[in-house]
Amino acid sequence: MASVTYDHVTKRFGDVIAVNDLTIEIADKEFLVFVGPSGCGKTTSLRLLAGLEELTEGNIYIGDRLVNDVAPKDRNIAMVFQSYALYPHMSVYDNMAFGLKLRKTPKAEIDRRVKEAAAILGIEELLDRKPKQLSGGQRQRVALGRAIVREPSVFLMDEPLSNLDAKLRVQTRAELAKLHQRLETTFIYVTHDQMEAMTMGTRIAVLRDGILQQVDTPQALYTSPGNIFVAGFIGSPAMNFFDVTVVGTKEEMYLDGGTFKVQVPAHKAPPLYDYLGKQIVFGIRPEDVHDPEYAPPGIIGAPVKARVDVTELMGNEVFLYLVTGTKTFIARVDPRTSARVGQDFEVLFNMENMHVFDRDTEMAIR
Amino acid sequence: MGAERRRAAETFATVFFLVGRFFPCPFTPLISTAVASLGAYGLTRLRWRGANTFSSLILVAYLMPGIMMLIPIYQVFSKLRLTNTLLSLIISYPTFGLPFATWLMMGYYSSIPTELEEAALIDGCNRFQAFFRVVLPLTKPALLAVMLFGVTQAWSEFLYAYVLIYSEDKMTIPVGLAQMITVDVLPWGELSAAAVIMAIPVLAIYTLGQRFMVRGLTAGAIKGGG
């Protein structure tokens, strides 16, 4: 168990900056998720912590110990790789025991720990098999088991679920979260899947082009994204964005999108005073676009007319792809909606949950 | 009939006597395999300036005909007083066997995921332990292929053995075979018998090892291959 600190960490590969001045403190026993699109530097950040890449600048601490020049084997970490990286020539038991044997742990202790980890993961009957005789899900468990037996102070996981089918991924996601609670150890997890990040992380660090965009709890990231990138990346379907002009007065302020004009609630207006007459980016999540007939009571709804382009029935809800002017946006509405393809339809924007961003800096206006 | 039998027996005795001179055979592949496995690992896995250039140079050396190196090698060996010794063959054979072995091993290493070594490094290995305990056991087919090539090459090599060795008691089988021809007299019976006997070990080795040979040669050709 240990905290982890990235202190102004930079990693360059030639002219490419993979990680750019990353500073983040990860508390002991925290489950931190690095999330971002491919090439954003999340895996490199993890590999820097593992000691598999050398830092260009900055410092990394595990607990109070500076580990910049410490070999991976001496960092007291364990890592689960995307490809699982099980040793093909060893049995499951030997795969799990390998790290302990290298550390000259007594045989009885190795046996106890391997069997205990196997029991936790439900792979006791697989201990004599070779990795090639296992299914994807079983391999993934063995990789986890290999990490668990080491009893490391930090667990590193590099997209460990991406090779599993959708159903198994959801199941394993929950099991990993449970494992974190059980082991009470620091977990650092890398994924490109925002859903995984939202469901597992106690905090999420969103990266883009090697730069940390925002670190916060899943809820805070969702409700108060710091910039357009985070707002668009977190949440599925993604947030709708419109280029609008702030018009009206301080008392009665509107966002004019050309084909629609919505009123800003009075308590949301003050941060926009300086933007009167200027263009900003207005964001609204699909679930905040309602079919008026089934809109929850008491919302501050602003009507917007649009044409229904596509409807997607998801079972418990319907995604409406709507067009206003040349702009397409998505609404996530009640499945009983009367909206049909090709029809003009009026939806309500729940302005209580509106998001506004500076057009130039792309930062949230607060 | 009796005379023919005696002659046949003498021929076999001569050939078996020559078989005893396969001295360079086990040594050259051992040297080639040891050096190639370590060298190829350094070239494919360790990041150092000039690794790519060096790899290309190895390919150039591999493409160079062995005969081109014969004269310089002869000159060097005669200065070192190594000519007419079996040691000269043991040293010279890897010079043209090694580039091929290194190239083959490089291809094989490229097919082994780097994550395996990284997992070993995190598990508690240093570089050498990761190489010997995780990577090397996975390269068995390639190692065997390299060994088999080395053995067959050393077994059948003629030119170097012909030039570097000139006393009869040190001649290798291919040279010994050639010595059976005197001017324009070709003892077909003895030559054929000797050729058959000479082919037996190679045939046996290939029959036993062909599975590994094919696997070694096609290593890295397809994803997940090898």
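Residue indices follow the written sequence of each chain, beginning from 1 at its first position. Ligands are numbered from 1 and chains lettered from A, in the order in which they are written. Totals for whole chains, interfaces and linings use all residues, but because this is a predicted model, local features are given only for residues with pLDDT of at least 70 and pairs of side-chain atoms are given and counted only at 80 or more. The side-chain values count all of the structure's non-hydrogen atoms but skip hydrogen atoms and water molecules.

1. Some remarks on the overall build of chain A
And step 1. A count of helices and strands for chain A gives 8 helices and 20 strands.
And step 2. Dimensions of chain A, computed from C-alpha atoms along their principal axes, come out at roughly 75 × 45 × 35 Å.
And step 3. Burial classes: relative accessible area under 20% of the type maximum marks a residue as buried, over 50% as exposed, and values in between as partly exposed (1.4 Å probe, protein chains only). With 366 residues in all, chain A has 51% of them scored as buried.
And step 4. Residues count as neighbours in contact if any of their non-hydrogen atoms are within 4.5 Å of one another. Partitioning the intrachain contacts of chain A with sequence separation of at least 6 by distance along the chain shows that 66% fall at a separation of at least 24.
And step 5. The protein chains shown are the only cover counted for residues, whose accessible areas, like all others here, come from Shrake-Rupley with a 1.4 Å probe. Of the roughly 16,300 Å² that chain A leaves accessible, carbon and sulfur atoms contribute 47%.
And step 6. Under the counting rule used here, the positive set is Lys and Arg, the negative set is Asp and Glu, and His together with the chain ends is not counted. In this description, the location of a charge corresponds to atom NZ of lysine, CZ of arginine, CG of aspartate or CD of glutamate. Side-chain charges of chain A comprise 42 positive and 48 negative groups, with the mean position of each set lying 7 Å from the other. Secondary structure elements are defined from DSSP: runs of H or I of at least 4 residues count as helices, runs of E of at least 2 residues count as strands, and each element is numbered from the N terminus.

2. Here we look at the interface of chain A and chain B
And step 1. In this complex, chain A contributes 23 residues to the contact, which on the side of chain B involves 17 residues.
And step 2. Taking both sides of the interface into account, the surface hidden between chain A and chain B amounts to around 1,700 Å²; carbon and sulfur atoms contribute 65%.
And step 3. Salt bridges, as used here, are contacts in which a Lys or Arg side-chain nitrogen is within 4 Å of a carboxyl oxygen on Asp or Glu. The tally of links between chain A and chain B comes to 2 salt bridges.
And step 4. Among the salt bridges present, the one from Asp123(B) reaches Arg150(A), with a minimum N-O distance of 3.4 Å.
And step 5. In protein, a polar contact means a hydrogen-donor-capable atom and an acceptor-capable atom, both N or O and within 3.5 Å, with residues adjacent in sequence counting only if both atoms are side-chain atoms; elsewhere, any N or O pair within 3.5 Å suffices. Summed over the shared surface of chain A and chain B, the number is 9 residue pairs in polar contact (both at pLDDT 80 or more).
And step 6. When the residues that make up the side of chain A that touches chain B are grouped by side-chain class, the tally is 14 nonpolar, 3 polar and 6 charged. Take the accessible area each of two parts loses on contact, using a 1.4 Å probe, and add the two losses: that sum is the buried area. Polar here means any residue outside two lists: the nonpolar Ala, Val, Leu, Ile, Met, Phe, Trp, Tyr, Cys and Pro, and the charged Asp, Glu, Lys and Arg; Gly therefore counts as polar.

3. Notes on the layout of surface pockets
It is a probe the size of a water molecule, rolled over the atoms, that shows where empty space is left.
And step 1. Throughout, the protein atoms alone are placed on a 1 Å grid, and a set of points is a cavity if a 1.4 Å probe fits but cannot get out or a pocket if it is open with protein on both sides within 12 Å along at least five of seven lines; lining residues have an atom within 4 Å of a point. Grid points are joined across faces, edges and corners, and a volume is the space filled by probe spheres set on the points. Estimates place the volume of the second largest pocket at around 640 Å³.
And step 2. Lining the second largest pocket are 25 residues, and of these Gly51(A), Leu52(A), Glu53(A), Arg47(B) and Arg127(B) sit closest to its centre.
And step 3. If you list the elements that add at least two residues to the lining of the second largest pocket, you get helix H1 (42-50) of chain A together with helix H2 (24-45) and helix H6 (114-123) of chain B.
And step 4. Among the elements that take part in the lining of the second largest pocket, H6(B) stands out by supplying 4 residues, more than any other.
And step 5. Residue composition of the lining of the second largest pocket, by class: 10 nonpolar, 4 polar and 11 charged.

4. Details of the pairing of strand S7 (residues 154-158) of chain A
Residues and elements named next belong to chain A.
And step 1. Counting buried residues along S7, 5 of its 5 residues qualify, which places the element largely inside the surrounding structure.
And step 2. Residues Val-154, Leu-156 and Asp-158 of S7 are buried on one face, and the alternating residues Phe-155 and Met-157, pointing to the opposite face, are buried as well.
And step 3. Pairing geometry for strand S6 (residues 77-80) and S7, over 4 bridges, is parallel. Opposite Val-80, over in S7, you have Met-157 as the bridge partner. By definition, two strands form a pair when at least two bridges between them are found by DSSP.

5. Brief notes about the domain arrangement of chain A
All names here are of chain A.
And step 1. Boundaries between domains were set according to an automatic or database domain assignment. Segmentation of chain A into domains returns domain 1 (4-233) and domain 2 (240-358).
And step 2. Inter-centroid distance (C-alpha atoms) of domain 1 to domain 2 is 39 Å.
And step 3. Contact between domain 1 and domain 2 buries roughly 630 Å² in total, counting both sides, with carbon and sulfur atoms accounting for 62%.
And step 4. Together, Tyr-222, Ile-228 and Ala-231 form the three largest contributors to the area buried by domain 1 at its contact with domain 2, with a combined 73%.
And step 5. At the junction of domain 1 and domain 2, the tally comes to 0 salt bridges.
And step 6. Our enumeration of links across domain 1 and domain 2 arrives at 2 residue pairs in polar contact (both at pLDDT 80 or more).

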